[in-house]
Amino acid sequence: MSPLRGISVRYTLFIASILLAAMGLVLLLAGYFVFEGTNSLRADLTESFSSVQIGHDIDALRASGAYLGDRLFDPLYALDVSALNEEIARIESWLSPDSVLILDADGGVVTDGTRENPEHGRRYPLPGDLSPGAPLVETVPSGRLVYFTIGYGEAIIGYARIALSNARNRVLLQAMHTRVAGAWQSFVRRFVSIAWISVLVTVVVSLLIGWRLSVSLSRPLRDMNRVVEQYAAGNLEHKLPERSHDELGRLARSLNQMASQQERARDQLMLLANYDNLTRLPNRHLFYDRLRLAIAKAKRGRCQVALFFLDLDRFKEINDALGHDVGDELLSGVAARLSAIVRDTDTLARMGGDEFTLIVEGILDDRPLHSIARKMIDAFGPPFAIAGRQLVVSVSIGIAIYPHDAERLETLIKHADTAMYAAKALGPGHFRFFTRELQEIAHRRLALAHVLRRAVDRHELDDRAS
Amino acid sequence: MRPILPIALVLCCAVWSVAACAEASFRLGVINERPDRPSDALKQYGPLNDYLSRRLAERDILVGDLFIGQDLDEMAAAIERGEVDALAEGVMPTLSIRRRSGTILPTLLLWRKGQRQYHAVFFARRDSAIQGLQDLRGRRIVFESPRSTSAYFLPLASMRAQGLHLTPSGAPSSDPARVRYLFAGSELNQAYWVQAGRADAGAFNNGDWERIPASVRQELRIFGRTRSVLRWLLSFSTGLDVRIREAVIRVFLDMPEEAEGRVALEAAARIARIERLTDADRADLDYWSDVLGRLDRPDDAD
């Protein structure tokens, strides 16, 4: 069967596909909103930065103006142009203005920060509302003009005029744009990387979840399939685990119950097929089986098997006289007594009617066999109390030994039977071992019977002789 | 044989120790033109000292950190203690230290701002009545700083030679003919102060006259000048090992020939050329040393 046709694979792919689609949709939507949100944030960020920067610049300029107004007092008061130029250089490196002018109290240029100082002496108009500690920021087309006083307390000894162009803001904004663009590119790269990772994770997670769900569904079915195959092969001992209370659990319990019933029925059948219904001893069929096994084992182990053939004496008379019920009860009693004598490893069987057999394995000589035979005969000593009667019955036993007397099963049985008839000939309650002489007698008897039967058939016998 | 190895090791260590102790070293000193900002001196002379470190290391001479003196006294003391081996300074500070301790030997002439030698010019407002040094009596003249050669020593010496007596501005004096003097801190400020009327006259390097703003210069005029003096000197401590001194002189003389050296010299004090002092130069220095000696004597009119 193709792996793709397996139910677990199909379920895995099916569930994984659904999960993948669902998670992919969620990721797609999330990604879209994040991407679009961040994209629109770029413009907001730049605009916000610009307004914040301008506001910050103006605040910083006002604060700077107040600070510089104090700081420039000493050098302007001392007309230390070198020091003023150094201060201007610092301001230029700090604010990157277009120009910085230090003006005297009349608005005349003291220095513009250069050694050449070409603006020196030129007068500049000053805002009328300029006061100490309150720098003014004027917005002009080219940018902004910052004015502040230079003085000590309320005494004003000069002014500073700082021209700031929009170019600085443009540069800052351009830098901001560049950085935002760089950050955006970086974000996009990370976003794409995260998207790929998310797809991979989603696929893996979907497959794992699908596989897990599939396993939870298909494993019981697979177990059931395996167990049912075992049932079909006759092995009913296997049982399904009853893990859940769902449909699969109920199905497993039903299958287990069915298997148990089948097992019981099979056991019953086995009992009927192999055991005698009356005495519960192995029947002829099982006897043959056991004897076959015993012979095979003895053959491998180079040891002997003794077969006892037992036949009750006078049973037919009792059966005819007292009825089958009494006969059956007597047979049950006999079986019970014999069972009490024999070892668990020996096989006592009922061959039919009043005939029993005993298979004794692992014997080395025939001395124990005498003892067993004697015990069985002695077991019939006490009468059987049946239906208010004390019934006395005896048994005749013939014994044949594999491989001494026969190597084949049928021959061994026949020889044990022959020995049993020889024991009967000795009278009730005797046993005999099979011998070659018994075989010859049996042959002769058989031949005589054959001759006599043929003579009868041919009417060659004289009526007087009968 | 066994004792030989430890003995050899001990000997090696001893030889190494002696060699380490005797390692040649050199330290350059400068006087900070802006005592309030030591970083200025580092910015100016740091590259020069780094250059010397690299070049003298090739001759196994270790160059120490730059010594930045705050004034003449500190520098003179450092030279006397042997902490400074060479001094780059103007003529008057150099001669002042030489006169004080005799432990310094002017050796190299450094061209600075394109000048081998220079003189000081006296200037006043164009509309001023001052026509010569004698017209300075009872007036105020602005110098750069007490350490300046061209903007203090040279004009001071010239004025004293002309029989003028000077008194710091603000100091009490009963003689109204005394010339009052004050310091502006920079040549640029001198020009602005005279132009703004804070002082009646000023005096500084003739090169600086060309560098002041045209708008200011056009309101000023020159009314006198001094004798010329060598521009800048490199002097060695008399205690410095001759081998080290000659090695340093060689490096200095070669500096203008190398791009890296030129950059360091330009950063240091806009030095473009370096040459050994001639006999005439030494005679000139002796002349100025005598003048300095006379300046050191108290102004008898004070």
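From a predicted model like this one, the values you see are computed outputs, not experimental measurements.

A.B. asks: Help me understand the overall build of chain B, please; the structure alone is not making it clear to me.
C.D. replies: Across its full length, chain B carries eleven helices and 16 strands. Counting only C-alpha atoms and orienting by the principal axes, one finds that chain B spans roughly 95 × 40 × 35 Å. Burial statistics for chain B: of 302 residues in total, 53% are counted as buried. Counting every atom, chain B has about 13800 Å² of accessible surface; 53% of that belongs to carbon and sulfur. A distance of 3 Å separates the average location of the 41 positive side-chain charges in chain B from that of its 41 negative side-chain charges.

A.B. asks: Explain a nonpolar patch on the surface to me, please; I cannot follow it from the model alone.
C.D. replies: Residue and element names in this part refer to chain A. A surface patch of nonpolar side chains, about 460 Å² in accessible area, is lined by Leu25, Leu29, Tyr32 and Phe33. Tracing the sequence through the fold places Leu25 in helix 1 (residues 7-71). Classification of Leu25 by relative accessible area gives exposed; the value is 52%.

A.B. asks: Is there a simple way to think about the packing of aromatic side chains in this case?
C.D. replies: Between two aromatic rings, the relevant description is the distance of the centres plus the angle of the planes. Residue and element names in this part refer to chain B. Within this structure, the stated rule accounts for 19 aromatic pairs over all chains. Both rings, one in Phe123 and one in Trp209, keep their centres 5.9 Å apart while their planes meet at 45°; by these two values the pair is tilted. Of this pair, Phe123 sits in strand 8 (residues 120-125) while Trp209 sits in helix 7 (residues 206-211); the two residues are 86 residues apart in sequence, bridging distant segments of the chain. According to the relative accessible area criterion, Phe123 is buried, its value standing at 0%. Over the face of the ring belonging to Trp232 we find Arg112, whose NZ or CZ atom lies 4.1 Å from the ring centre.

A.B. asks: Got a minute to help me understand the domain arrangement of chain B in this structure?
C.D. replies: Where interface size is quoted, it is often the accessible area lost as the parts come together. Residues and elements named next belong to chain B. Each domain of chain B was delimited in the assignment, giving domain 1 (24-115 + 230-295) and domain 2 (120-226). Spacing between the C-alpha centres of domain 1 and domain 2 amounts to 29 Å. With 17 residues of domain 1 at the interface, the matching set in domain 2 holds twelve residues. The largest per-residue losses of area from domain 1 upon contact with domain 2 belong to Met92, Gln115 and Leu295, which jointly make up 42% of the total buried on that side. Applying the counting criterion to the domain 1 and domain 2 interface returns one salt bridge. Put simply, Arg147 and Glu89 hold a salt bridge, and the shortest N to O gap is 2.6 Å. The interface formed by domain 1 and domain 2 holds four residue pairs in polar contact (both at pLDDT 80 or more) in total. Of all elements in the fold, only helix 4 (91-101) and helix 11 (279-296) reach the threshold of two or more residues within the side of domain 1 that touches domain 2. Take the side of domain 1 that touches domain 2: its biggest share by element is five residues, from helix 11. Here the side of domain 1 that touches domain 2 is composed, by residue class, of nine nonpolar, three polar and five charged.

A.B. asks: How should I be thinking about the sheet that holds strand 6 (residues 304-313) of chain A in this particular structure?
C.D. replies: Residue and element names in this part refer to chain A. One open sheet accounts for five strands, arranged 7-8-6-11-12; its pairing is mixed. Two strands bound the open sheet, and with one partner strand each, they are strand 7 (347-352) and strand 12 (431-433). Taken over all neighbouring pairs, the strand axes of this sheet differ in orientation by 20° on average, direction set aside. Where strand 6 meets strand 11 (residues 394-402), nine bridges bridge the pair, whose relative direction is antiparallel. Its bridge partner lying in strand 11, Asp313 is registered against Ser394. Here helix 10 (residues 409-425) sits on the sheet in contact with strand 6, strand 11 and strand 12, set at roughly 145° to strand 11.

A.B. asks: Looking at this model, I keep getting lost on the packing of helix 10 of chain A against helix 11 (residues 436-458) of chain A. Mind explaining?
C.D. replies: Any two packed helices are characterised by the angle at which their axes cross and by the distance between the axes. All names here are of chain A. Where helix 10 meets helix 11, the axes come as close as 10 Å, and the angle between the chain directions of the two elements is 85°. One finds that helix 10 runs roughly perpendicular with respect to helix 11. Residues His415, Thr418, Ala419 and Ala422 of helix 10 lie in contact with helix 11, whose contacting residues are Arg436, Leu438, Gln439 and Ala442. Classifying every residue of the contact of helix 10 with helix 11 gives four nonpolar, three polar and one charged.

A.B. asks: Explanation requested: the layout of surface pockets in the structure shown.
C.D. replies: Sizing a probe to match a water molecule and rolling it over the atoms shows the empty space that remains. What the largest pocket holds in volume is close to 1400 Å³. Forming the boundary of the largest pocket are 48 residues, of which B:Glu33, B:Arg34, B:Lys113, B:Glu144 and B:Glu187 lie nearest the centre. Of all elements in the fold, only helix 3 (81-95) of chain A together with helix 2 (38-57), helix 5 (149-161), helix 6 (187-196), helix 7 and helix 10 (259-269) of chain B reach the threshold of two or more residues within the lining of the largest pocket. For the lining of the largest pocket, the per-class residue count stands at 13 nonpolar, 15 polar and 20 charged.

A.B. asks: Mind showing me how you'd approach the interface of chain B and chain A here?
C.D. replies: Each partner contributes residues to the interface: chain B has 16 residues there, and chain A has 15 residues. Buried area between chain B and chain A, summed over both chains or domains, comes out near 1300 Å², and the portion from carbon and sulfur atoms is 42%. Counting the surface chain B buries against chain A, the share from its top three residues, B:Leu188, B:Tyr192 and B:Arg198, is 37%. Connecting chain B to chain A are zero salt bridges. Summed over the shared surface of chain B and chain A, the result is eleven residue pairs in polar contact (both at pLDDT 80 or more). Listed by contribution, the elements that provide at least two residues to the side of chain B that touches chain A are helix 6, helix 7 and helix 8 (214-217) of chain B. Residue contributions to the side of chain B that touches chain A peak at six residues, all from helix 6 of chain B. Considered class by class, the residues forming the side of chain B that touches chain A number seven nonpolar, four polar and five charged.

A.B. asks: Would you take a moment to explain the UniProt feature "transmembrane region" (unreviewed entry) in chain A for this structure?
C.D. replies: The UniProt record annotates "transmembrane region" (unreviewed entry) at residues 12-35, 145-164 and 191-211 of chain A. As annotated, residues 191-211 of chain A has a helix share of 100% and a strand share of 0%, and its two end C-alpha atoms lie 29 Å apart.

About the thresholds
Residues numbered from 1 in each chain as written. Chains lettered and ligands numbered in written order. Predicted model: local features only at pLDDT ≥ 70, side-chain atom pairs only at ≥ 80, totals over all residues. Heavy atoms only, no water. Helix = DSSP H or I, 4+ residues; strand = E, 2+ residues; numbered from the N terminus. Buried < 20%, exposed > 50% of the residue type's maximum accessible area, 1.4 Å probe, protein only. Areas by Shrake-Rupley, 256 points an atom, 1.4 Å probe, with all protein chains shown as cover. Lys, Arg positive; Asp, Glu negative; His and termini not counted. Charge placed at Lys NZ, Arg CZ, Asp CG, Glu CD. Patch = residues over 30% accessible without salt bridge, like charges linked within 9 Å, V, L, I, M, F, W, Y side chains within 5 Å. Salt bridge = Lys/Arg side-chain N within 4 Å of Asp/Glu carboxyl O. Phe/Tyr/Trp six-rings, centres within 6.5 Å; stacked < 30°, edge-to-face > 60°. Lys NZ or Arg CZ within 6 Å of the ring centre and 35° of its normal. Domains from an automatic or database assignment. Contact = heavy atoms within 4.5 Å. Buried area = accessible area lost by both parts, 1.4 Å probe. Polar contact = N/O pair within 3.5 Å; in protein donor to acceptor, adjacent residues only side chain to side chain. Nonpolar A, V, L, I, M, F, W, Y, C, P; charged D, E, K, R; others polar. Pairing = 2+ DSSP bridges. Axes fitted to C-alpha atoms, helices over the stretch in contact; angles between N-to-C directions. Parallel < 35°, antiparallel > 145°, perpendicular 65-115°, else oblique. 1 Å grid on protein atoms, 1.4 Å probe; cavity = no way out; pocket = protein on both sides within 12 Å on 5 of 7 lines; lining within 4 Å. Points joined across faces, edges and corners; volume = space filled by probe spheres on them. UniProt positions renumbered as here; feature names shortened; annotations may be inferred.

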